[in-house]
12 protein chains.
Amino acid sequence: MNVERVGTDLQDTLVELTDLAAQAKQLHWNLVGPHFLSLHEQLDGLTGEVRAAADEVAERAVTIGFPPDGRVGTVAKESPLRDVPDGRVPDGRVVALVVDALDTVNERLRRRVDRLGELDAVSQDLLIGVLGGLEKRAWMFRAQLG
Amino acid sequence: MNVERVGTDLQDTLVELTDLAAQAKQLHWNLVGPHFLSLHEQLDGLTGEVRAAADEVAERAVTIGFPPDGRVGTVAKESPLRDVPDGRVPDGRVVALVVDALDTVNERLRRRVDRLGELDAVSQDLLIGVLGGLEKRAWMFRAQLG
Amino acid sequence: MNVERVGTDLQDTLVELTDLAAQAKQLHWNLVGPHFLSLHEQLDGLTGEVRAAADEVAERAVTIGFPPDGRVGTVAKESPLRDVPDGRVPDGRVVALVVDALDTVNERLRRRVDRLGELDAVSQDLLIGVLGGLEKRAWMFRAQLG
Amino acid sequence: MNVERVGTDLQDTLVELTDLAAQAKQLHWNLVGPHFLSLHEQLDGLTGEVRAAADEVAERAVTIGFPPDGRVGTVAKESPLRDVPDGRVPDGRVVALVVDALDTVNERLRRRVDRLGELDAVSQDLLIGVLGGLEKRAWMFRAQLG
Amino acid sequence: MNVERVGTDLQDTLVELTDLAAQAKQLHWNLVGPHFLSLHEQLDGLTGEVRAAADEVAERAVTIGFPPDGRVGTVAKESPLRDVPDGRVPDGRVVALVVDALDTVNERLRRRVDRLGELDAVSQDLLIGVLGGLEKRAWMFRAQLG
Amino acid sequence: MNVERVGTDLQDTLVELTDLAAQAKQLHWNLVGPHFLSLHEQLDGLTGEVRAAADEVAERAVTIGFPPDGRVGTVAKESPLRDVPDGRVPDGRVVALVVDALDTVNERLRRRVDRLGELDAVSQDLLIGVLGGLEKRAWMFRAQLG
Amino acid sequence: MNVERVGTDLQDTLVELTDLAAQAKQLHWNLVGPHFLSLHEQLDGLTGEVRAAADEVAERAVTIGFPPDGRVGTVAKESPLRDVPDGRVPDGRVVALVVDALDTVNERLRRRVDRLGELDAVSQDLLIGVLGGLEKRAWMFRAQLG
Amino acid sequence: MNVERVGTDLQDTLVELTDLAAQAKQLHWNLVGPHFLSLHEQLDGLTGEVRAAADEVAERAVTIGFPPDGRVGTVAKESPLRDVPDGRVPDGRVVALVVDALDTVNERLRRRVDRLGELDAVSQDLLIGVLGGLEKRAWMFRAQLG
Amino acid sequence: MNVERVGTDLQDTLVELTDLAAQAKQLHWNLVGPHFLSLHEQLDGLTGEVRAAADEVAERAVTIGFPPDGRVGTVAKESPLRDVPDGRVPDGRVVALVVDALDTVNERLRRRVDRLGELDAVSQDLLIGVLGGLEKRAWMFRAQLG
Amino acid sequence: MNVERVGTDLQDTLVELTDLAAQAKQLHWNLVGPHFLSLHEQLDGLTGEVRAAADEVAERAVTIGFPPDGRVGTVAKESPLRDVPDGRVPDGRVVALVVDALDTVNERLRRRVDRLGELDAVSQDLLIGVLGGLEKRAWMFRAQLG
Amino acid sequence: MNVERVGTDLQDTLVELTDLAAQAKQLHWNLVGPHFLSLHEQLDGLTGEVRAAADEVAERAVTIGFPPDGRVGTVAKESPLRDVPDGRVPDGRVVALVVDALDTVNERLRRRVDRLGELDAVSQDLLIGVLGGLEKRAWMFRAQLG
Amino acid sequence: MNVERVGTDLQDTLVELTDLAAQAKQLHWNLVGPHFLSLHEQLDGLTGEVRAAADEVAERAVTIGFPPDGRVGTVAKESPLRDVPDGRVPDGRVVALVVDALDTVNERLRRRVDRLGELDAVSQDLLIGVLGGLEKRAWMFRAQLG
């Protein structure tokens with residue numbers, strides 16, 4: 001197995017998922033608007049799924065011999081996600097921000113899934129599972145846009 | 001209530017707890033040595049407790065009208081914790097790093113507990129609970145140093 | 001311990017919480033509007049928390065030797081809460097009514113917490129817990145006002 | 001369906017059950033005597049069953065288009081139950097008070113069950129269930145009178 | 001017992017409930033709009049209750065010696081429900097469609113309940129339970145229309 | 001992603017699984033013979049698995065932007081499964097009917113799995129899971145044929 | 001309420017259910033044949049349901065003021081059920097014996113349900129529930145006769 | 001193994017336990033007096049333990065090739081227990097009756113335990129467990145006699 | 001923090017709670033009288049709560065650097081509780097003994113709570129929790145004295 | 001204690017139970033015939049019980065200082081059980097094979113139980129438990145032979 | 001039964017188990033060293049098992065009419081266990097101390113098991129169970145000595 | 001599908017997993033050394049995962065029509081794993097033995113995963129899952145080597 005190439009894909013995924021979980025929590029706290037209640041819970045569900053995925057991805061990296069780096073300094077520097085605003089955020093804007101973040105992560109995951117098929121079937125299978133889950137999450141946020 | 005002063009103490013606590021949770025996960029993954037197994041689980045338990053505490057602290061901030069900021073960029077910039085090394089870390093070194101991080105957080109928490117008594121009994125009570133839990137965690141890591 | 005002073009604070013709290021629980025149930029049933037579903041459940045959660053708090057407060061009163069009075073006649077006569085309307089109530093109005101009731105209760109609870117510190121630490125600790133929970137509930141209703 | 005007649009029967013039941021639950025709680029707290037322990041728990045069980053029944057009855061009312069009214073003011077004014085005394089109540093007296101309250105409620109429920117058969121089978125079935133449960137409770141209190 | 005008459009009522013109920021469950025699932029998937037989240041879950045709850053009721057109704061039919069027919073061809077041909085549209089459906093329209101379907105089913109159920117009283121008390125009791133549950137569901141959808 | 005081609009495969013799968021679930025329930029009710037008991041439960045297990053799979057398949061379709069159609073009219077018209085007989089069915093015949101239906105579904109699923117590899121790894125992975133489960137179910141019915 | 005008439009119906013039901021439970025256990029132990037396994041469990045399920053029903057029936061009797069009598073001597077003397085044979089019993093014969101016992105009990109229950117409607121709606125509702133359950137059990141044994 | 005001797009001891013135990021369970025239920029229903037509540041539950045616990053023991057004893061008998069006989073006619077004829085009175089029984093009398101019945105059963109069990117040691121260690125071990133449980137139950141009833 | 005002063009308060013609490021738990025168990029075993037059943041369980045609940053509190057208190061001591069001493073020799077020598085008698089104890093006497101022991105412990109806990117406020121908020125909060133629980137237990141025993 | 005003699009009995013039991021579990025799994029997979037379903041589950045239950053027993057037996061051996069040997073090579077060489085055939089096995093033959101294997105194991109266990117009484121009561125008690133469980137399993141397979 | 005001889009054996013066991021549980025807790029708190037984590041939990045498991053055994057032994061004593069004495073004064077005076085040191089104890093020393101205490105208890109238990117066979121089979125069976133559990137615990141501590 | 005080629009890969013996997021589970025249990029029992037506790041549990045977790053995987057692999061084989069062979073004789077003869085020593089094994093040596101066994105199994109699994117892609121996507125997916133789990137297990141043992 002090409003540890004360097006597989007490991008880099010896993011490390012990049014870890015960075016994106018860690019940032020995504022932090023953004024979901026940030027919006028979970030600062031959300032306002034008439035749809036507060038269901039979005040507040042939906043964002044918690046998203047955080048839980050993303051944190052679990054991040055943990056599995058990091059443990060896959062160390063399993064193949066590539067030490068993962070999930071420190072906040074690394075994540076802050078390397079994440080490709082657009083930042084979310086500070087302070088209160090209205091519910092409609094929250095939905096748009098989450099859809100945007102999920103689209104960014106999913107597009108990158110899909111490219112990794114394609115190239116991992118020849119490198120490591122286990123890592124590919126893990127990322128297919130993560131991608132399937134996050135695409136479904138994206139639908140459930142996007143549907144709220146009407 | 002002095003929202004600014006109470007809110008600032010909660011926000012600072014959120015930053016420290018978020019960094020602490022990320023450090024615990026980082027060591028959970030990259031730990032090596034004969035004590036791997038029990039430390040690996042102990043670090044997961046620490047992460048869980050710290051993440052739950054961070055969530056309660058952030059929700060207390062928003063409850064009193066102070067929007068919390070738990071974004072990775074903010075945490076990376078504001079955290080007072082010494083960084084943990086990247087790559088593999090031997091088990092004895094892991095214990096020392098965690099004790100050091102917990103001591104830093106706990107010392108700061110104790111000062112906040114003292115001054116919150118006159119500002120907001122609810123926030124003080126919350127931080128007393130967090131401090132009690134993390135001091136106990138610190139004992140259980142420190143005891144391994146013999 | 002000054003049983004009369006501590007007991008009176010607990011008795012007053014019992015009256016307010018009992019009325020609050022009845023109002024939450026009343027709105028839980030008569031609520032209408034597009035946000036019916038999540039508000040209906042949120043009001044049930046509020047009722048549950050308030051009833052449990054009322055029970056703990058009453059049992060603290062009897063524990064210190066002050067017989068609590070939670071009979072409907074007493075509550076109807078003594079409660080400081082503004083009455084809620086009968087018949088169907090639109091969802092936006094429900095949110096405003098609940099925020100108003102919670103603000104009334106929480107302001108009175110906070111004053112009691114302040115004066116109980118010197119009278120009975122156990123009763124104070126109990127009311128701090130009730131206050132923290134209801135302030136959080138107030139945030140989660142208020143946030144829906146945008 | 002005759003909404004007015006069915007709804008009135010449900011509303012009257014709601015008032016009685018709400019008062020009954022408050023009385024059971026009142027005695028649960030202020031009970032004294034050698035049989036304290038088992039009666040204390042038995043009264044809690046009664047409260048739980050009565051509150052659940054009240055909720056079902058109120059939701060049946062709103063289901064058929066009759067807005068229920070469970071506010072403490074309404075209940076205090078409309079309830080046909082004899083009031084229970086304030087302050088401590090010896091265990092033997094508690095049993096007699098509960099049996100009396102249950103007999104009052106059950107007698108009224110039985111009359112409603114009879115006339116609802118021709119008006120609304122669903123409401124009748126609900127009240128049969130409530131009546132069956134409360135008659136069984138009445139037996140279990142009355143049996144203690146020897 | 002008149003197996004033919006009771007069995008026909010159960011069979012007709014089975015057809016309606018089977019179609020209702022399929023419609024609820026169809027809307028559960030294709031729903032869009034700002035109220036997506038809570039409606040999506042509410043429709044799943046409806047499906048679950050309706051499928052369980054259909055199973056009980058079919059098993060009652062076979063119990064009395066009338067073989068039930070829940071095949072898709074039979075349901076498609078026999079169901080009195082108005083069809084739901086294909087493709088995406090906005091949330092407000094979804095609520096109206098479900099209320100309409102529930103009203104159709106409930107009106108027919110109520111007529112069957114009336115005539116089953118003299119034919120088979122067990123089947124009548126079963127349909128009273130189904131009707132009570134679906135009328136409550138209808139309230140919880142209708143309430144969203146404001 | 002080619003939404004049309006992937007979506008059509010998912011839609012066809014939804015139709016087949018919906019019909020399969022209805023057939024399993026139909027036999028679950030109308031089955032007779034000395035092996036009634038274990039087959040009755042086995043068919044319920046099959047229904048549960050197939051309904052869950054249908055739900056996942058439909059949600060995958062909507063996730064990729066293809067509105068699924070699971071209405072009974074559509075299923076009745078489009079399903080490739082041979083119909084099951086009405087009325088009572090002896091246990092041996094039930095086993096043969098289920099094996100036949102599962103073989104039809106599995107053969108079609110296997111062809112879709114093959115062509116989805118290049119179109120959408122997530123959908124392929126989902127159908128592999130469904131296929132693996134249903135092939136195992138087919139073994140457990142076929143084994144009863146001796 | 002006519003306690004004597006209602007109580008006698010409940011007492012007779014208690015006798016029949018107690019004997020039925022004992023017969024089911026007797027066959028549960030002494031059953032032999034290739035269908036041993038599923039019948040052995042099915043008989044245990046029957047015993048559990050019948051014992052629970054007997055307990056509810058007896059408690060209804062005492063609730064209305066009629067002391068029930070479930071002593072073995074009374075049951076042995078009063079039960080209208082045909083006795084089951086001692087020693088080992090082949091599985092086919094077991095099914096026939098259970099169907100016969102259930103038919104006897106159910107026929108008598110149905111007559112009581114008819115006459116209780118005018119005497120006591122609660123007792124009638126209880127027996128409707130018992131009858132519905134046992135008729136379903138009868139189907140599930142009878143279906144094994146093919 | 002001497003099937004006849006071991007089987008006879010198991011069969012006699014089955015008869016006694018079956019009668020004991022019926023007596024416990026009989027008193028569970030007809031008990032009156034100020035200690036009703038805790039005795040009512042204690043008798044239910046006794047019934048549950050005795051029924052489970054009877055089932056294990058009967059299954060041990062059939063396991064060694066001795067068909068057990070637990071039919072009500074057999075139990076009524078063979079049981080050595082003194083009968084309990086019909087109608088209501090005051091709580092103090094209930095305790096005395098149960099202690100008497102348990103003493104009868106336990107004395108006989110102890111003799112069987114002694115002689116089974118040389119015949120079948122498995123059956124002996126089973127009866128030691130039953131005896132230990134029932135002697136403990138006897139203590140918990142006898143202690144109430146003061 | 002003054003480890004010596006805080007630690008001594010925790011150590012003294014540990015001694016008292018350990019003795020209290022042993023006394024509760026002693027009475028749990030040797031209790032006799034008509035109220036045996038509920039007191040027997042109530043004493044078990046007390047033991048469980050007291051043991052859990054003792055464990056938390058001891059772990060707080062070691063957390064602050066004060067090694068706790070819970071050995072039986074130390075407890076026997078240092079405990080301020082009056083001894084309970086050996087042999088059987090009538091239920092009324094048991095209640096009086098427990099109330100006396102709880103009063104002794106609670107009075108001492110209350111004094112410690114007062115002085116710990118300035119020394120260590122975490123230890124104070126822990127003892128407030130213990131005190132609140134044991135004062136409630138005291139009420140529930142004392143109420144039996146009528 | 002004579003470690004060699006006790007340990008040898010435990011080691012021989014471990015070998016037999018390990019082979020028995022493997023045979024049960026082998027038949028669990030390769031079974032065919034109309035009784036497939038219930039036998040398939042029954043064999044899984046047997047495997048679970050036997051594996052748990054083997055683990056307890058091996059841990060008893062190491063507890064007394066006799067290192068157990070459960071390696072496949074040892075088991076293959078030492079097991080006294082007749083081998084089961086490879087490939088598919090009809091259900092009737094499966095029952096006969098399992099009864100034969102259980103009889104072999106049980107006969108040997110019974111002899112060990114007899115001689116362990118004087119050597120080690122703990123090991124004897126463990127084997128009595130294993131024997132009782134497997135004799136009951138043997139009954140439940142043998143009963144299927146009619 | 002010779003109550004005095006059996007009771008004395010049970011009383012002596014109670015004393016030893018009570019001291020053993022206190023020692024295990026003492027070491028659970030004061031343990032230090034790199035193996036802290038797993039030993040800390042293992043000692044908690046030991047305490048739980050020993051406390052449960054002490055309770056069963058004491059309840060067996062009172063069951064046979066011998067009032068047990070588990071008061072700390074009695075235990076401190078009568079226990080044959082060597083005392084454990086106060087203050088912090090290194091992990092290797094903890095293991096040695098626990099093994100020594102378990103060996104003392106187990107040797108005495110084994111002698112009691114031998115002589116109880118002729119006195120009371122139930123008490124013997126109870127102590128066999130306790131001994132088997134504690135010998136297994138002893139292995140799991142001793143194995144750590146390498 | 002090429003049943004012979006897919007089946008052979010599944011059969012070879014079954015042999016390896018069966019031997020691996022037996023080796024893990026063997027070391028679970030005979031392990032000694034200061035790391036006994038956590039390794040003892042870790043080996044149990046490994047056994048559980050491997051046994052579950054073996055069962056799934058065997059059931060996949062029979063599902064595709066290839067009768068699996070998991071008899072101990074076959075496993076002993078066909079397994080490619082190096083044997084583990086008998087008697088006690090020090091903890092460091094245990095870790096090395098497990099890592100070696102896992103490396104052997106995982107290397108062979110990876111080759112099978114590669115070639116199954118073209119033969120049977122379901123079997124490939126199953127083995128990817130097994131491989132991913134065992135590679136993670138290998139990391140968690142190897143990390144203890146430092």
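Named according to an unreviewed UniProt entry, chain A is DNA starvation/stationary phase protection protein Dps originating from Pseudonocardia eucalypti.

Draft legend 1. Molecular detail of the overall build of chain A. If you tally the helices and strands in chain A, you get 5 helices and 2 strands. The secondary structure elements of chain A, listed N-terminal to C-terminal, are α-β-α-α-β-α-α. Taken along the three principal axes of its C-alpha coordinates, chain A extends 50 × 30 × 20 Å. Expressed as a percentage of its 146 residues, the buried residues of chain A come to 66%. In chain A, 81% of the contacts between residues at least 6 apart in sequence involve partners at least 24 apart. Accessible surface computed for chain A: about 5000 Å², of which carbon and sulfur atoms make up 47%. On chain A, the mean spot of the 17 positive side-chain charges and the mean spot of the 24 negative ones are 3 Å from each other.

Draft legend 2. Representation of the packing of helix H2 (residues 36–63) of chain A against helix H1 (residues 3–30) of chain B within the structure. Their axes nearest at 9 Å, the elements H2(A) and H1(B) cross at an angle of 35 degrees. Seen from above, H2(A) lies across H1(B) with right-handed handedness. In this structure, H2(A) contributes A:Ala54, A:Asp55, A:Ala58, A:Glu59 and A:Val62 to the contact, and H1(B) contributes B:Lys25, B:His28 and B:Trp29. Residues belonging to the contact of H2(A) with H1(B) are distributed by class as follows: 4 nonpolar, 1 polar and 3 charged.

Draft legend 3. Structural view of the interface of chain B and chain A. With 31 residues of chain B at the interface, the matching set in chain A holds 31 residues. Of the roughly 2400 Å² buried between chain B and chain A, counting both surfaces, carbon and sulfur atoms make up 56%. If you sort the residues of chain B by the area they bury against chain A, B:Trp29, B:Arg71 and B:Val72 come out on top, with a joint share of 31%. Residue A:Arg71 pairs with B:Asp83 through a salt bridge whose shortest N-O separation is 3.8 Å. At the junction of chain B and chain A, the tally comes to 15 residue pairs in polar contact (both at pLDDT 80 or more). Breaking the side of chain B that touches chain A down by element, the ones donating at least two residues are H1, helix H2 (36–63) and helix H3 (72–78) of chain B. Counting residues per element, the side of chain B that touches chain A draws most heavily on H1(B), at 8 residues. Residues of the side of chain B that touches chain A, tallied by class, amount to 13 nonpolar, 8 polar and 10 charged.

Draft legend 4. Fine view of the relation of the copies chain B and chain A. Note on the copies: chain B fits chain A at an RMSD of 0.0 Å, the axial shift is 0.0 Å, and the rotation between them is 180 degrees. One copy is carried onto the other by what is essentially a two-fold rotation axis. When each C-alpha of chain B is compared by its distance to the rotation axis, B:Val72 comes out closest, at 3.0 Å. Comparing contact sets, 100% of the residues at the interface of chain B also lie at the interface in chain A, consistent with an isologous, same-surface contact.

Draft legend 5. Molecular detail of the interface of chain C and chain A. Chain C puts 9 residues into the contact, and the matching count from chain A is 9 residues. Between chain C and chain A, roughly 800 Å² of surface is buried when both sides are summed, and carbon and sulfur atoms account for 73% of that area. Contact with chain A buries area across many residues of chain C, yet C:His35, C:Trp139 and C:Gln144 alone supply 50% of it, more than any other trio. The tally of links from chain C across to chain A stands at 0 salt bridges.

Draft legend 6. Region of the structure containing the UniProt feature "domain: Ferritin/DPS" (unreviewed entry) in chain A. According to UniProt, the "domain: Ferritin/DPS" (unreviewed entry) feature falls on residues 10–146 of chain A. Secondary structure within residues 10–146 of chain A divides into 76% helix and 3% strand; the distance between the first and last C-alpha atoms comes to 34 Å.

Draft legend 7. Summary view of the relation of the copies chain C and chain A. Taken as rigid bodies, chain C and chain A are interconverted by a rotation of 120 degrees and an axial shift of 0.0 Å, the fit giving an RMSD of 0.0 Å. Taken together, the rotation and translation describe the operation of a three-fold axis. Every residue of chain C has its C-alpha some distance from the rotation axis, and the shortest such distance is that of C:Ser38, at 4.0 Å. Little of the interface of chain C is mirrored in chain A, where only 11% of its interface residues are also at the interface.

Draft legend 8. Structural context of helix H5 (residues 121–142) of chain G. Here H5(G) contains 22 residues, and its C-alpha end-to-end distance of 31 Å stays within 8% of the 32 Å for a straight helix at 1.5 Å per residue. With respect to burial, H5(G) is a largely interior element, 17 of its 22 residues being buried.

Draft legend 9. Just the packing of aromatic side chains, in detail. Applying the stated rule across the entire model yields 12 aromatic pairs over all chains. Plain terms: the ring middles of B:Trp139 and K:Phe36 are 5.7 Å apart, the flat faces sit at 70 degrees to each other, and that makes the pair edge-to-face. Of this pair, B:Trp139 sits in helix H5 (residues 121–142) while K:Phe36 sits in helix H2 (residues 36–64), on two different chains. We classify B:Trp139 as buried; its relative accessible area is 6%.

Draft legend 10. Layout of the environment of E:Arg5. Residues and elements named next belong to chain E. Mapped onto the secondary structure, Arg5 falls in helix H1 (residues 3–30). Overall, the relative accessible area of 46% leaves Arg5 in the partly exposed class. Separated by 15 residues in sequence, Arg5 and Leu20 place their C-alpha atoms 23 Å apart.

Reading the values: the criteria
Residues numbered from 1 in each chain as written. Chains lettered and ligands numbered in written order. Predicted model: local features only at pLDDT ≥ 70, side-chain atom pairs only at ≥ 80, totals over all residues. Heavy atoms only, no water. Helix = DSSP H or I, 4+ residues; strand = E, 2+ residues; numbered from the N terminus. Buried < 20%, exposed > 50% of the residue type's maximum accessible area, 1.4 Å probe, protein only. Contact = heavy atoms within 4.5 Å. Areas by Shrake-Rupley, 256 points an atom, 1.4 Å probe, with all protein chains shown as cover. Lys, Arg positive; Asp, Glu negative; His and termini not counted. Charge placed at Lys NZ, Arg CZ, Asp CG, Glu CD. Axes fitted to C-alpha atoms, helices over the stretch in contact; angles between N-to-C directions. Left-handed = near helix turned anticlockwise from the far one by under 90°. Nonpolar A, V, L, I, M, F, W, Y, C, P; charged D, E, K, R; others polar. Buried area = accessible area lost by both parts, 1.4 Å probe. Salt bridge = Lys/Arg side-chain N within 4 Å of Asp/Glu carboxyl O. Polar contact = N/O pair within 3.5 Å; in protein donor to acceptor, adjacent residues only side chain to side chain. Least-squares fit on C-alpha atoms with pLDDT ≥ 70 in both. UniProt positions renumbered as here; feature names shortened; annotations may be inferred. Expected span 1.5 Å × (residues − 1). Phe/Tyr/Trp six-rings, centres within 6.5 Å; stacked < 30°, edge-to-face > 60°.

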